[in-house]
Amino acid sequence: MESDYQKQSLQAFLELFLKAQGTHRPQHSALKSASALSRFLNHYIWSARSLIRQVRRMIKQQLSHYHPRGRRPHLQVIIDLTTLEKRGKFKGYQDLVHVFDGKRGLHLVVIYLVVGRWRLPWSFRIYRGKGHSTPAQLGLKLVRQLPRWLKRQFQVMVLADTAFGSVEFLKGIRSLKLHAITGVRRDRLLQDHRPLWQLHQPGQQVRLQGLNFPVSVAWFYLKRDGEKKRSKRYVLSTKPLKASTIVWWGRHRWQIEGFFKTAKYRFGLHRFAQKTLKGMYRWLILSLVAFLLAHWGYLSLDTKELPDWGVAATIILETCLVELVIALLLAEVERQRPLLKQQGLDVQITRCKI
């Protein structure tokens, strides 16, 4: 009976996230009370790791059918850090909430996979602040944990921003026999003590201080939100490539920014307000699973237009979670029954044997 109750609570959470409207607080659920959903997150015994393993098996099954013509396809492994801004006190995990880069909250280092039309949040780690592993070290650990079948099936290209362009990170990627394209500071020094900004030929191979192997450097101009002028961004590649190719790969790193915005504002990634570490962690997992399900709904449309996340989420609800849709319909009928009676209507619902 407890198993059925937990299943109902899980469905209620998926319904919350798959609304894709930014209303993800437990009190917004039409199926369960806020206290019941809080107990499901913070107290009930169920394995988030088992859920992750099951989702990854589904991902593997989907990608196993991807065999485009020509060369072995590329897999973009995009790494970045995002902040889930929070206010107030969180006693259950107060050591994880701190200020970084002027923002207070929970700071996640995320791996985001892009291959073909698939967009897959794969894993994350929490940055714990000074005295602990740096974002670059966490990112390197996540890359090391990528399964072997991904590396066998695809040509892996690691994409990251300037914070992940450290000597340790680049050496670590090279030791894994992978290639990386990362941002790099304009004042990064070459072995001859010149800064990068003094280079005049994009695409040339240079040797940076601290590295015992050459890298290729290029640059492009980018204007971000809030900036009045375009800024010059430098990109390095551990693989010898033309300047135009390095820039092309370097620009693709920004795909993860769109994912962060969607996950936060459509699927409630930053809306957790749980009192325990377990509850917070489970909230993040369920939010990312909801995004992934909605993304599969978008892929089923077979369109090249930008995703309408509300439509994509509805497709998943109506095809994979039919029981949930019916439960929502019945709950709405019960809620509106007094109004129906005022209008002289009496609704009777009978289960038919099919």
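Cut-off values and rules
- Residues numbered from 1 in each chain as written.
- Predicted model: local features only at pLDDT ≥ 70, side-chain atom pairs only at ≥ 80, totals over all residues.
- Heavy atoms only, no water.
- Phe/Tyr/Trp six-rings, centres within 6.5 Å; stacked < 30°, edge-to-face > 60°.
- Helix = DSSP H or I, 4+ residues; strand = E, 2+ residues; numbered from the N terminus.
- Buried < 20%, exposed > 50% of the residue type's maximum accessible area, 1.4 Å probe, protein only.
- Lys NZ or Arg CZ within 6 Å of the ring centre and 35° of its normal.
- 1 Å grid on protein atoms, 1.4 Å probe; cavity = no way out; pocket = protein on both sides within 12 Å on 5 of 7 lines; lining within 4 Å.
- Points joined across faces, edges and corners; volume = space filled by probe spheres on them.
- Nonpolar A, V, L, I, M, F, W, Y, C, P; charged D, E, K, R; others polar.
- Domains from an automatic or database assignment.
- Axes fitted to C-alpha atoms, helices over the stretch in contact; angles between N-to-C directions.
- Parallel < 35°, antiparallel > 145°, perpendicular 65-115°, else oblique.
- Contact = heavy atoms within 4.5 Å.
- Polar contact = N/O pair within 3.5 Å; in protein donor to acceptor, adjacent residues only side chain to side chain.
- Buried area = accessible area lost by both parts, 1.4 Å probe.

S.K.: Where do I start with the packing of aromatic side chains in this structure?
M.R.: How two aromatic rings sit relative to each other is set out by the distance from centre to centre and by the angle between their planes. Considering all chains together, one arrives at 19 aromatic pairs under this definition. Plain terms: the ring middles of Phe124 and Tyr281 are 6.1 Å apart, the flat faces sit at 50° to each other, and that makes the pair tilted. A residue pair is termed long-range when its members are at least 10 positions apart, and Phe124 in strand β4 (residues 118-126) and Tyr281 in helix α9 (residues 277-300) qualify at 157 residues. Owing to a relative accessible area of 9%, Phe124 belongs among the buried residues under this scheme. Following the ring pairs from residue to residue traces out a cluster consisting of Tyr112, Phe259, Phe260, Phe267, Phe291 and Trp309. Over the face of the ring belonging to Trp122 we find Arg56, whose NZ or CZ atom lies 4.5 Å from the ring centre.

S.K.: Is there a simple way to explain the layout of surface pockets in this structure?
M.R.: Over the atoms a probe the size of a water molecule is rolled, and this reveals where empty space is left. Roughly 860 Å³ of volume is contained in the second largest pocket. Lining the second largest pocket are 33 residues; nearest its centre among them are Ile52, Arg56, Ser123, Arg125 and Tyr281. Listed by contribution, the elements that provide at least two residues to the lining of the second largest pocket are α3 (48-63), β4, α4 (135-144) and α9. When the residues that make up the lining of the second largest pocket are grouped by side-chain class, the tally is 22 nonpolar, four polar and seven charged. Residue assignment places the lining of the second largest pocket across two domains, with domain 1 (1-46 + 275-353) and domain 2 (47-271) each supplying three or more.

S.K.: I would appreciate a short explanation of the packing of α9 against helix α10 (residues 309-320) in the present structure.
M.R.: The packing of two helices is summarised by the inter-axis angle and the distance between the axes. As a packed pair, α9 and α10 sit with axes 7 Å apart at the nearest point and diverge in direction by 95°. Put simply, α9 runs roughly perpendicular to α10. Residue-level inspection shows Phe291, Leu293, Ala294, His295, Trp296, Gly297, Tyr298 and Ser300 of α9 in contact with α10, the latter providing Trp309, Ala312, Ala313, Ile315 and Ile316. Tallied by class, residues from the contact of α9 with α10 come to ten nonpolar, three polar and no charged.

S.K.: Could you clarify how one ought to interpret the side chain of Asn42 in this entry?
M.R.: Within the secondary structure, Asn42 sits in helix α2 (residues 34-42). A distance of 2.5 Å separates the side chain of Asn42 from the side chain of Thr276, its partner in a polar contact. Once residues within four sequence positions are removed from consideration, Asn42 is found in contact with Gln274, Lys275, Thr276, Lys278, Gly279 and Arg282.

S.K.: Hey, could you run me through empty space enclosed by the protein in this one?
M.R.: This model, assessed by the stated rule, comprises one cavity of 30 Å³ or more. Of the residues assigned to the lining of the largest cavity, the class counts are eight nonpolar, no polar and no charged.

S.K.: Looking at this structure, I do not really get the domain arrangement of the protein. What am I missing?
M.R.: Partitioning the protein into domains gives domain 1 (1-46 + 275-353) and domain 2 (47-271). Placing the centre of domain 1 and that of domain 2 at their C-alpha centroids yields a distance of 32 Å. Between domain 1 and domain 2, the residue contacts involve 32 residues of the former and 31 residues of the latter. Note on domain 1 versus domain 2: buried area summed over both sides is about 2900 Å², and carbon and sulfur give 70% of it.

S.K.: Can you walk me through the side chain of Ser123 in this structure?
M.R.: By the secondary structure assignment, Ser123 is in strand β4. Every residue in contact with Ser123, bar those within four places of it in the chain, is listed here: Arg56, Val109, Val110, Ile111 and Leu142.

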